[in-house]
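Structure assessment
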Amino acid sequence: AFFPSIARMNHSCFSNCEVLSFDSVTRSRAVVTLFDVKQGEELCINYIGHSYYTLNMLRKERAQYISSNFNFECKCKVCVDSDDDDDNDMETARQRFGELQEAIDENMHHWNQRAFTAVLTASKQMIDVIHQSFN
């Protein structure tokens with residue numbers, strides 16, 4: 001299926017929207033916002049994939065993926081508008097998000113109290129990283 005409205009959406013490495021999976025019942029796809037969007041702000045999606053899996057990718061990884069799979073150099077706000085200090089802070093936050101993601105993934109299928117506690121702790125820390133670093 002082809003979804004022309006979604007196909008016209010621009011990419012951002014920190015997108016404000018997510019494309020949901022194809023719904024075979026309604027034969028459609030939906031786009032949802034990930035957080036409040038100001039009136040007039042462009043709605044963007046992440047071409048690489050779902051935010052949960054791309055938020056941990058460092059700038060170099062994202063640039064390589066976009067270049068090799070979509071044949072363009074990313075010029076989104078995240079890649080263009082950051083100074084060195086902001087960029088280092090953001091890269092550190094992305095790395096920390098990835099570490100927490102790994103901790104969750106490692107423990108997710110273990111059905112015991114230790115694993116449950118580890119997932120819960122990492123999830124809370126992940127929420128803190130998102131609030132503190134990604135605003």
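Let me begin by describing the structure that accompanies this report. Small disclaimer: the values here were computed from a predicted structure and weren't measured.

Conventions used here
Residues numbered from 1 in each chain as written. Predicted model: local features only at pLDDT ≥ 70, side-chain atom pairs only at ≥ 80, totals over all residues. Heavy atoms only, no water. Helix = DSSP H or I, 4+ residues; strand = E, 2+ residues; numbered from the N terminus. Buried < 20%, exposed > 50% of the residue type's maximum accessible area, 1.4 Å probe, protein only. Lys, Arg positive; Asp, Glu negative; His and termini not counted. Salt bridge = Lys/Arg side-chain N within 4 Å of Asp/Glu carboxyl O. Polar contact = N/O pair within 3.5 Å; in protein donor to acceptor, adjacent residues only side chain to side chain. Contact = heavy atoms within 4.5 Å. Core = buried A, V, L, I, M, F, W, Y, C linked by side-chain atoms within 4.5 Å. Phe/Tyr/Trp six-rings, centres within 6.5 Å; stacked < 30°, edge-to-face > 60°.

Turning our eyes to something else, we now look at the side chain of E18. Tracing the sequence through the fold places E18 in strand β2 (residues 17-19). No salt bridge is formed by the buried E18; the nearest opposite charge belongs to R29, separated by 8.2 Å. A polar atom in the side chain of E18 sits 2.7 Å from the side chain of H50. In contact with E18, not counting residues within four places along its chain, are A30, V31, V32, L34, G49, H50 and S51.

Among the nonpolar cores identified, the biggest contains ten residues, and these are L55, A93, F97, L100, I104, V119, A122, M126, V129 and F134. Every element with two or more residues in this core is listed here: α5 (84-107) and α6 (113-133). Setting aside anything within four residues of it in sequence, one finds M126 in contact with Y52, F97, L100, Q101 and I104. Within the second largest apolar cluster, eight residues are counted, among which are C13, M57, C74 and V78.

Once that is clear, we can look at the packing of aromatic side chains. Applying the stated criterion across every chain yields a total of four aromatic pairs. Judged by centre distance (5.4 Å) and plane angle (55°), the rings of Y47 and F70 are tilted. You can see Y47 sitting in the loop between β4 (44-45) and α2 (51-54) and its partner F70 sitting in helix α3 (residues 59-70), a full 23 residues away along the chain. The class for Y47 is partly exposed, based on a relative accessible area of 26%. Seen from their ring centres, Y47 and F72 are 6.1 Å apart, and the 85° between their planes marks the pair as edge-to-face. With Y47 in the loop between β4 and α2 and F72 in the loop between α3 and α4 (77-80), this residue pair connects regions lying 25 residues apart in the sequence.

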